[in-house]
Amino acid sequence: KFRVGSVADGVVQKISAQGVFVDIGAVTDAILKLPRAIAQQFRVGDEVHGMLVESVDREAERISLTLEEPELEEPVPRPRAKGKAKARAADAGGASAKAAASASK
């Protein structure tokens, strides 16, 4: 089903230091190899489209993928804090940082 050079779509299952593991319908999750800075932008549940199958190891049941232009599609919009909530969170963070700095003197 999966051949080197074929295109696959999938859903992120896990993010680790090795890469992003994606369910593409194979026996085991495939590994999407990306630079760490890009890999950290992915979240479990993200849909990834247009991945290229780089290698297939049938004995080890491993598939490696690459992605030339990472494109994320989040399954559910994430709730955003409203303006006042963001300001309160920033104030609270700033106040605790100042208190910690004062306490350490």
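Fair warning: this is a prediction, and the values are worked out from it, not measured in the lab. (Residues numbered from 1 in each chain as written. Predicted model: local features only at pLDDT ≥ 70, side-chain atom pairs only at ≥ 80, totals over all residues. Heavy atoms only, no water.)

S.K.: I tried to follow the overall build of the protein chain on my own but got confused; where do I start?
M.R.: Secondary structure assignment for the protein chain yields two helices and six strands. Walking the protein chain from its N terminus toward its C terminus, one meets helices and strands in the order β-β-β-α-β-β-β-α. For the protein chain, with 105 residues in total, the buried portion stands at 21%. If you take every contact in the protein chain between residues at least 6 apart in sequence, the share linking residues at least 24 apart comes to 54%. As displayed, the protein chain has an accessible area near 7,600 Å², and 52% of this comes from carbon and sulfur atoms. (Helix = DSSP H or I, 4+ residues; strand = E, 2+ residues; numbered from the N terminus. Buried < 20%, exposed > 50% of the residue type's maximum accessible area, 1.4 Å probe, protein only. Contact = heavy atoms within 4.5 Å. Areas by Shrake-Rupley, 256 points an atom, 1.4 Å probe, with all protein chains shown as cover.)

S.K.: Help me understand the nonpolar core in this model?
M.R.: Side chains that are nonpolar tend, in soluble globular proteins, to be buried together. If you look at the biggest cluster of nonpolar residues, it comprises 17 residues, and the most contacted ones within it are Val20, Ile24, Leu32, Phe42, Met51 and Leu65. Tallying contributions element by element places strand β4 (residues 47–57) first for this core, with three residues. In this view, isoleucine 24 contacts Phe2, Ala8, Asp9, Gly10, Ala30, Met51, Ile63 and Leu65; residues no more than four positions away in its chain are not counted. (Core = buried A, V, L, I, M, F, W, Y, C linked by side-chain atoms within 4.5 Å.)

S.K.: Looking at this structure, I do not really get the packing of aromatic side chains. What am I missing?
M.R.: The relative placement of two aromatic rings is captured by the distance of their centres and the angle of their planes. Evaluated as defined, the whole model comprises zero aromatic pairs. A cation sits over an aromatic face here: lysine 14 above phenylalanine 21, 5.4 Å from the ring centre. (Phe/Tyr/Trp six-rings, centres within 6.5 Å; stacked < 30°, edge-to-face > 60°. Lys NZ or Arg CZ within 6 Å of the ring centre and 35° of its normal.)

S.K.: Explain the pairing of strand β1 (residues 7–15) here, please?
M.R.: Within a regular strand, side chains alternate between the sheet's two faces. Note that β1 and β4 share four bridges and pair antiparallel. Paired with valine 11 across the bridge in β4 is glutamate 47. As paired strands, β1 and strand β2 (residues 20–23) are joined by four bridges and run antiparallel to one another. Opposite valine 11, over in β2, you have aspartate 23 as the bridge partner. Where β1 folds back onto β2 in an antiparallel hairpin, the turn is made up of four residues, including glycine 19, whose phi is positive at roughly 155°. (Pairing = 2+ DSSP bridges.)

S.K.: It is not clear to me how the side chain of serine 64 should be interpreted in this structure. Could you clarify?
M.R.: Within the element layout of this structure, serine 64 appears in strand β5 (residues 62–66). Not counting residues up to four positions away in its chain, the partners in contact with serine 64 are Ile31, Lys33, Leu52, Val53, Glu54 and Ser55.

S.K.: Whenever I open this one, the confidence of the model for the protein chain confuses me. Can you help?
M.R.: In low-pLDDT segments, the atomic positions of the prediction should not be examined closely. Per-residue confidence for the protein chain averages 77 on the pLDDT scale, and 65% of its residues sit at or above 70. Contacts from residues 85–92, a stretch scored under 50 in pLDDT, to residues over four places away or in other chains number one contact. Considering only residues more than four positions removed or in separate chains, one finds that residues 95–105, a stretch of pLDDT under 50, has zero contacts. (pLDDT = per-residue confidence, 0-100.)

S.K.: Honestly, the environment of histidine 49 in this entry has me stumped. Any pointers?
M.R.: Tracing the backbone through its elements, the reader meets histidine 49 in strand β4. Residue class for histidine 49 comes out partly exposed when judged on its relative accessible area of 27%. Placed 41 residues apart in sequence, histidine 49 and alanine 8 show a C-alpha to C-alpha distance of 6.8 Å. At a separation of 3.4 Å, a polar atom in the side chain of histidine 49 contacts the side chain of glutamate 47. (Polar contact = N/O pair within 3.5 Å; in protein donor to acceptor, adjacent residues only side chain to side chain.)

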